[in-house]
Amino acid sequence: MKKIAPSILSADFGRLAEEIKAVEEAGADWIHLDIMDGHFVPNLTIGPPVVRALRKITSLPFDVHLMIENPDSYLDAFIDAGSDILTVHVEAATHLQRTLAYIRGRNIKAGVALNPATPLGVLEEIIDDCDLILIMTVNPGFGGQHFIPSMISKIRRTRDILAKQAKPILMEVDGGISPGNIKEVSHAGADVFVAGAAVFTSSDYSSTIKQMKEAIS
């Protein structure tokens, strides 16, 4: 089943607990948490203490996206804080296979994220260690950016790669997802859709998520 994962990057940070409960009640499948360090990307967001506090608010899976340098130093902290899926960037992980194996060894799912300019060939040697591939359809760092149209081709090519694997691997797409383009992204092969501004700047979370689910059903 395809899933909608609202990104709290676009939520009201003064009301995070309320915002998470609101999107849960509106039909969200996962909660996407963007972790930014001001180095790998030009923005700062939240750390393990906030993830741990939010974990008490909901039982929805926490899809934690590490946009940070040296992610190995923080794996345990974010896993212990309550992550269900932990995704690292291929561009930031020095020993990517080891990192993915460690995450899976902690009994949660491991994901790999690729920036728009990163070629899919980097997946060749580590795909067996992945549970999820995250295709960035904007350059990471800030919410509310516009989807890069050329990424549709990359999503299709990723689906072709995943179709050849012996085990199921989810493809997640993050960046500029909206009710207006989610159907095309779904048809290209995505399984999980990260929607930040499209959900949290809408006047009716339930209506927006419902509209997205209808488009991908």
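The structure displayed is predicted, hence computed values, not measured ones.

Reading the values: the criteria
- Residues numbered from 1 in each chain as written.
- Predicted model: local features only at pLDDT ≥ 70, side-chain atom pairs only at ≥ 80, totals over all residues.
- Heavy atoms only, no water.
- Helix = DSSP H or I, 4+ residues; strand = E, 2+ residues; numbered from the N terminus.
- Buried < 20%, exposed > 50% of the residue type's maximum accessible area, 1.4 Å probe, protein only.
- Contact = heavy atoms within 4.5 Å.
- Pairing = 2+ DSSP bridges.
- Axes fitted to C-alpha atoms, helices over the stretch in contact; angles between N-to-C directions.

Caption draft 1: Fine view of the environment of Val 194. With respect to the secondary-structure elements, Val 194 resides in strand β8 (residues 192-195). Take Val 194: its relative accessible area is 2%, and that puts it in the buried class. The sequence separation of Val 194 and His 32 amounts to 162 residues, and the corresponding C-alpha distance is 6.9 Å. If near-sequence neighbours (up to four positions away) are discounted, Val 194 is found in contact with Ala 5, Ser 7, His 32, Glu 172, Val 173, Asp 174, Gly 175 and Ile 177.

Caption draft 2: Looking closely at the sheet that holds strand β3 (residues 62-67). Taken together, the eight strands give an open sheet; going across it, the order is β1-β8-β7-β6-β5-β4-β3-β2, and neighbouring strands pair in parallel fashion. Looking along the sheet, the strands with just one partner apiece sit at the ends: β1 (3-6) and β2 (31-36). Put simply, the sheet's adjacent strands are angled 25° from each other on average, direction ignored. Bridge analysis of strand β6 (residues 132-136) against strand β7 (residues 170-174) gives five bridges, and the strand direction is parallel. Note that in β7 the partner of Leu 134 across the bridge is Glu 172.

That's the geometry; what it means functionally is another story.
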